[in-house]
Amino acid sequence: MLRGKLPVTHMSSAIAPVKPSGTAGPKEVELILVKEQNGVQFTSSALVSPSGQTHPSGEERETWGKKIDFLLSVIGFAVDLANVWRFPYLCYKNGGGAFLVPYLFFMVIAGMPLFYMELALGQYNREGAAGVWKICPLFKGVGFTVILISLYVGFYYNVIIAWALFYLFSSFSAELPWIHCNNTWNSPNCSDLNSTLLNDTYKTTPALEYFERGVLHLHESSGIDDLGLPRWQLTSCLAVVIVVLYFSLWKGVKTSGKVVWITATMPYVVLTVLLLRGVTLPGAIDGIKAYLSVDFLRLCDAQVWIEAATQICFSLGVGFGVLIAFSSYNKFSNNCYRDAIITSSINSLTSFFSGFVIFSFLGYMSHKHNVALDKVATDGPGLVFIIYPEAIATLPGSSVWAVIFFIMLLTLGIDSAMGGMESVITGLIDEFKFLHKHRELFTLFIVVSTFLISLSCVTNGGIYVFTLLDHFAAGTSILFGVLIEAIGIAWFYGVDRFSDDIEEMIGQRPGLYWRLCWKFVSPCFLLFMVVVSFATFNPPKYGSYYFPTWATMLGWCLSISSMIMVPLYALYKFCSLPGSFCDKLAYAITPETEHHLVERGEVRQFTLQHWLVV
């Protein structure tokens, strides 16, 4: 070896032609640098990954066009209609600003860790919700559970977007149709006497009657056993929604990643515009004060903590398989830790910000009707399709404000619906490889199937089907799915091995805090939530209508149909594996890439250290 400095009399360098370092295609390449110095050649080489998107297994996969496409897609999915119609009302009802204490607490110990876990799981394994369970084949059933949940949610979620589209078309008129009671759909109980209306239980508002009688035609149905035929107006709107979804998803993330530039950013523009208008209205400041008023005594009520935990579970979007699907299209070296912190924080801040918009208008309604705020404060579809449109109708230029508001609802809903559909499509085409070549046709099959089933929600009694689906499709089942997911990763696959995977991707090992949350805190939290969801179950109802027993049983069958995939697939996998009971168990809980170790009797999960390490 030559040491010290040599006088340079001649130096030349050359780069050898790149050559594959393996036989599995264009993966890492070996870069060889040859230098000649004083007649002596020095050679150095390095393995270089050309794009930073290649998985160690050697698999190639489509990736997002730009990093911002992924971030906007995740934000667009997580920030949905519930951020507008659910969180602000919960905050007001449960102690105002004090509600942020349990909300942020559960966000830190469960929400963010689970969000981070799903992003990392999808990015490392580069497959959909079912395919990622090659890390522990016994738990693959939970992948099909979350795919089914996303499919079920699509059956009714697209209907909300169709309602918003119907309202948008109705807003292009000189006078909004929910202002007066002189329309063909109005009943004798309809009254324009706004000053006393909210105190009279026998009277209804024009906005309420427009939604229930003008849009839904609910008065033509006696219950869930009397649905009638689909309404052609809502069916047309639903068809438009399905067409938009199809052409947003048919080419994969290359197309959906561009659509979210509009659908994920538009709500923030509209919310800001509505807030600037809302704070100028009389009574708006009183509404905002009520939203933010701090009542720490409410924290002594266990129900406040339960509702905060429930909101965290559903608002971030974990358990739908969407985060896994989206992150599977990331480059392998993408910093998923930073993405998890950014996107989950933006989701919570959006919920908080939307509260100012909602309660500025609710304060205005309270002032206008001269009633207490709790008379107008509500959550769910009633807020955005009855209360808010009624408030907008009293403003100068009401048609313009209505158009702006319903455009916001459309954009909030579309990208969340896109996320749910992508979870189903990616999860199934990654599991059944032959579908990769037919993505366009398979996407068409999924959206058309969803449309046909959704038709039951646009009949005269469609709101009853909608309520039933909303109550059972993604309640206890999604909490159960995330619980099994957390146990499978942190305990059976191993939180230490999962941390090694993350370090391989981003060059930084998760800290002790994240590992403790994954292994102990989050599973305990989810187990508690599953127990609470069973203990606090209330049969579904819509207004004064209580569903018959058979409908409630049908709802439970729907919920169980997704959860049962976990034990069914585990039983199938166990029975299909060769060998003795111990051999079957070893193969079922060992990553597929390590089955050769099982043949040598080296099963990590059969050692005490595997279960104790953090």
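Residues numbered from 1 in each chain as written. Predicted model: local features only at pLDDT ≥ 70, side-chain atom pairs only at ≥ 80, totals over all residues. Heavy atoms only, no water.

Scanning the protein from terminus to terminus reveals 25 helices and 6 strands. Scored against the burial criterion, the 614 residues of the protein give a buried share of 57%. A fraction of 78% describes how many contacts in the protein between residues 6 or more apart in sequence connect residues 24 or more apart. (Helix = DSSP H or I, 4+ residues; strand = E, 2+ residues; numbered from the N terminus. Buried < 20%, exposed > 50% of the residue type's maximum accessible area, 1.4 Å probe, protein only. Contact = heavy atoms within 4.5 Å.)

This part is about the environment of alanine 474. Along the chain, alanine 474 turns up in the loop between α18 (462-472) and α19 (476-506). Under the relative-accessibility criterion, alanine 474 is labelled buried at 12%. Measuring from C-alpha to C-alpha, the distance between alanine 474 and serine 559 comes to 7.4 Å, with 85 residues separating the pair along the chain.

In this section: the UniProt feature "binding site: Na(+)" (unreviewed entry) in the protein. If you check UniProt for "binding site: Na(+)" (unreviewed entry), the listed places come out as Gly76, Ala78, Val79, Asn83, Ser315, Asn347, Leu412, Asp415 and Ser416 in our numbering. In summary, the annotated positions, though distributed over 341 residues, converge in three dimensions, the widest C-alpha pair being only 14.4 Å. Looking only at the residues we just named, the largest cavity is lined by Gly76, Val79, Leu412 and Asp415. Mapping glycine 76 onto the fold places it in helix α1 (residues 67-78). (UniProt positions renumbered as here; feature names shortened; annotations may be inferred. 1 Å grid on protein atoms, 1.4 Å probe; cavity = no way out; pocket = protein on both sides within 12 Å on 5 of 7 lines; lining within 4 Å.)

On to a nonpolar patch on the surface, then. There is a patch of nonpolar side chains on the surface, built from Leu441, Leu444, Val448 and Leu452 and spanning about 360 Å² of accessible area. Secondary-structure assignment places leucine 452 in helix α17 (residues 439-454). (Patch = residues over 30% accessible without salt bridge, like charges linked within 9 Å, V, L, I, M, F, W, Y side chains within 5 Å. Areas by Shrake-Rupley, 256 points an atom, 1.4 Å probe, with all protein chains shown as cover. Salt bridge = Lys/Arg side-chain N within 4 Å of Asp/Glu carboxyl O.)

One pass over the structure, following the stated rule, counts 1 disulfide. Disulfide pairing places cysteine 181 opposite cysteine 190 at an S-S distance of 1.9 Å. In this structure, the disulfide formed by cysteine 181 and cysteine 190 twists by about -70° around the S-S bond and is classed as left-handed. Among the residues examined, cysteine 190 registers a relative accessible area of 11% and is labelled buried. (Disulfide = S-S within 2.5 Å.)

Right, let's talk about the pattern of salt bridges for a bit. A full pass over the atoms with the stated rule returns 17 salt bridges. Lysine 93 is the salt-bridge partner of glutamate 307, the closest N and O atoms lying 3.1 Å from each other. With glutamate 307 in helix α12 (residues 302-315) and lysine 93 in helix α3 (residues 87-93), this residue pair connects regions lying 214 residues apart in the sequence. Residue classification places glutamate 307 among the buried residues on the basis of a relative accessible area of 12%. For lysine 93, a relative accessible area of 34% puts it in the partly exposed group. The salt bridge partner of lysine 134 is glutamate 127, with a shortest N-O separation of 3.1 Å. Of the two residues examined, lysine 134 and glutamate 127, each falls in the buried class. Among the charged side chains, a salt-bridge network with shared partners connects Glu127, Lys134 and Lys433.

Turning our attention to the nonpolar core. Counting 200 residues, the largest nonpolar core has Trp163 and Phe385 as the members making the most contacts within it. At 20 residues, helix α5 (residues 140-171) tops the list of elements feeding residues into this core. If sequence neighbours within four positions are ignored, phenylalanine 385 has contacts with Ile160, Trp163, Ala164, Tyr167, Ala207, Phe211, Phe406 and Leu409. (Core = buried A, V, L, I, M, F, W, Y, C linked by side-chain atoms within 4.5 Å.)

Before going further, it helps to examine empty space enclosed by the protein. The full count for this structure, using the stated rule, is 2 cavities of 30 Å³ or more. In this model, the largest cavity occupies a volume close to 40 Å³. Forming the boundary of the largest cavity are Ile75, Gly76, Val79, Thr263, Ala264, Pro267, Tyr268, Leu412 and Asp415. Those elements that place two or more of their residues in the lining of the largest cavity are α1, α10 (266-278) and α16 (398-431). Each pocket or cavity is described by its volume, and for the second largest cavity that value is around 30 Å³. Of the residues belonging to the lining of the second largest cavity, the class tally is 7 nonpolar, 1 polar and no charged. (Points joined across faces, edges and corners; volume = space filled by probe spheres on them. Nonpolar A, V, L, I, M, F, W, Y, C, P; charged D, E, K, R; others polar.)

With that settled, consider unusual backbone geometry. Unusually for a residue other than glycine, arginine 126 sits at a positive phi of about 55°. Of note, arginine 126 is situated in the loop between α4 (100-125) and α5. Residue class for arginine 126 comes out buried when judged on its relative accessible area of 2%. In the Ramachandran plot, asparagine 370 falls in the positive-phi region, its phi being about 55° despite a non-glycine side chain. Its location among the elements puts asparagine 370 in the loop between α14 (336-369) and α15 (381-393).

What follows is about the packing of aromatic side chains. For the coordinates displayed, the defined rule picks out 59 aromatic pairs. On the basis of an interplanar angle of 85° and a centroid distance of 5.5 Å, the ring pair of tyrosine 291 and phenylalanine 356 is categorised as edge-to-face. With tyrosine 291 in helix α11 (residues 284-292) and phenylalanine 356 in helix α14, this pair connects stretches of sequence that are 65 residues apart. Lying over the aromatic face of tyrosine 329, arginine 61 brings its terminal NZ or CZ to 4.4 Å of the ring centre. Over the aromatic face of tryptophan 491 sits the side chain of lysine 519, whose NZ or CZ is 4.6 Å from the ring centroid. (Phe/Tyr/Trp six-rings, centres within 6.5 Å; stacked < 30°, edge-to-face > 60°. Lys NZ or Arg CZ within 6 Å of the ring centre and 35° of its normal.)

Before going further, it helps to spend a moment on the side chain of histidine 595. Take histidine 595: it is sitting in helix α24 (residues 595-599). Among the residues examined, histidine 595 registers a relative accessible area of 18% and is labelled buried. At 3.3 Å, the side chain of histidine 595 forms a polar contact with the backbone oxygen of threonine 590. With residues up to four places along the chain from it excluded, the contact list for histidine 595 reads Tyr587 and Thr590. (Polar contact = N/O pair within 3.5 Å; in protein donor to acceptor, adjacent residues only side chain to side chain.)

Looking now at α15. Relative to the 18 Å expected for 13 residues at 1.5 Å per residue, α15 spans 17 Å between its end C-alpha atoms, a close match to the ideal helical length. Where α15 bends most, at isoleucine 387, the angle is about 25°, and the proline proline 389 comes one to four residues later. Where burial is concerned, most of α15 is hidden: 11 out of the 13 residues are buried. (Expected span 1.5 Å × (residues − 1). Bend = angle between axes of the 7 residues up to and from the residue.)

Secondary-structure assignment places proline 206 in helix α7 (residues 206-215). When the C-alpha positions of proline 206 and tryptophan 185 are compared, they lie 9.9 Å apart, and in sequence the two are 21 residues distant.

As a further point, take the confidence of the model for the protein. For the protein, the mean per-residue pLDDT works out to 88, and 89% of the residues sit at or above 70. The low-confidence segment residues 1-53 (pLDDT under 50) makes 79 contacts with residues lying over four places distant or belonging to another chain. (pLDDT = per-residue confidence, 0-100.)

Here we come to the packing of α4 against helix α20 (residues 512-535). Running from amino to carboxyl end, α4 crosses α20 at an angle of 110°, the nearest separation of the two axes being 9 Å. When the axes of α4 and α20 are compared, the pair comes out roughly perpendicular. For the pair formed by α4 and α20, the contact residues are Phe106, Val108, Ile109, Ala110, Met112, Pro113, Leu114, Tyr116 and Met117 on the first element and Tyr513, Trp514, Cys517, Trp518, Val521, Ser522, Phe525 and Leu526 on the second. Looking at the contact of α4 with α20, its residues break down into 16 nonpolar, 1 polar and no charged. (Axes fitted to C-alpha atoms, helices over the stretch in contact; angles between N-to-C directions. Parallel < 35°, antiparallel > 145°, perpendicular 65-115°, else oblique.)

Within the secondary structure, valine 101 is located in helix α4. Placed 207 residues apart in sequence, valine 101 and alanine 308 show a C-alpha to C-alpha distance of 9.0 Å. Apart from the residues within four sequence positions on either side, valine 101 is in contact with Phe296 and Leu299.

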